[in-house]
Amino acid sequence: MRQSTVICVCGAGTMGSGIAQLSAQAGFTTIQFDVSEPMLEKSRQQIIASLDTLVTKGKISSDEKAGTLSRLHFTSDIQSCRADVIIEAIVEKMEIKTTLFTQLAAINSPSTILASNTSSISISSLAAGIPHPERVAGLHFFNPAPVMKLVEIVKGNATSQQTITQLRELAKAMGKTTVVCKDAPGFIVNRVARPYYLEALRLAEQGFTHPAQADRLLEATGFKMGPFKLMDLIGMDVNFAVSNIVWEALGQPPRLKPSALQQQKVSEGNLGRKTGKGFYEYN
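Engineer: Would you mind going over helix α9 (residues 227-234) with me for this structure?
Structural biologist: Along an α-helix, residues three or four positions apart point the same way, because every turn accommodates 3.6 residues. For α9, every residue scored as buried is listed here: P227, F228, L230, M231 and D232. In this structure, the buried residues of α9 make contact with α7 (189-205), α8 (211-220), α10 (236-249) and α11 (260-268).

Have a look at this one:
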């Protein structure tokens, strides 16, 4: 993938911010779009803070930080979202993603790749109403995007091999390890991960354990992060939405039924780190 390639990241939440930082650090001119100016400013501050940490740790130089920021451009005007590759990282709802891709397709070249960072929504369904569906694919980063090495590249029914090849080159240029997978509920990682979250939630609901204890035990066996800490990091709303999408797509099997405890957290607005409270409280 050429360094002259322009990347547009849609969405200034946790994932969008991380992907935008990653793209600019890798040397690509990067546009970050969000309809909310306050979200864009919050994202800008988060990226600066993240880069400052890397400088302090000696991972990057001050010049590299300055170069990264010079390649980042923030906008709330969708007309500015003209790029070679567009990566959406917005709310996990099919109709909203489809509307965004339709708007982007209208102002971009037919060769512009439209990649979704969705955790579980069908790429084939997402591409169905988009002109030139062969350029639509999944590009699923994991949180935090600048750190986590894996990227799932999801091939929908209409996705061309050229699109897959270009996305693999892009992810490699960003320092990522890729796996190409077929379009299926939850893809690979989130399909395998559902029982990790759901069984932990059931144990807590039934009074057999509590979040801190479950996390401590699983981390002691080698897991990098316990399920409750991980749900707080991902965002309760995002994690709960993925559970619902996978459950529905697989025909509502009882073993994958979403948790009432997690639904309560979402209803209360206690979404984890991003709201200051989830299963844990954060300053």
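Engineer: Help me understand the pattern of salt bridges, please; the structure alone is not making it clear to me.
Structural biologist: When charged atoms on two side chains of opposite charge get close, those side chains can pair. What the rule picks out here adds up to seven salt bridges. Measuring nitrogen to oxygen at the nearest pair gives 2.5 Å for the salt bridge that ties D52 to K65. Taken together, the residues D52 in helix α2 (residues 37-56) and K65 in helix α3 (residues 62-70) connect sequence positions 13 residues apart. When its relative accessible area of 32% is taken as the criterion, D52 is described as partly exposed. A salt bridge links D237 to K274; the nearest nitrogen and oxygen atoms lie 2.8 Å apart. Note that D237 is positioned in helix α10 and K274 in the segment after α11, a separation of 37 residues in sequence.

Engineer: How do you make sense of the side chain of E88 when you look at a structure like this?
Structural biologist: Mapping E88 onto the fold places it in strand β4 (residues 85-88). Overall, E88 belongs to the buried group, its relative accessible area being 0%. Of note is the side chain of E88, whose polar atom sits 2.4 Å from the side chain of S116. What E88 contacts, discounting residues up to four positions off in sequence, is C10, K97, L100, F101, A115, S116, N117 and T118.

What counts and what doesn't
Residues numbered from 1 in each chain as written. Predicted model: local features only at pLDDT ≥ 70, side-chain atom pairs only at ≥ 80, totals over all residues. Heavy atoms only, no water. Buried < 20%, exposed > 50% of the residue type's maximum accessible area, 1.4 Å probe, protein only. Helix = DSSP H or I, 4+ residues; strand = E, 2+ residues; numbered from the N terminus. Contact = heavy atoms within 4.5 Å. Salt bridge = Lys/Arg side-chain N within 4 Å of Asp/Glu carboxyl O. Polar contact = N/O pair within 3.5 Å; in protein donor to acceptor, adjacent residues only side chain to side chain.

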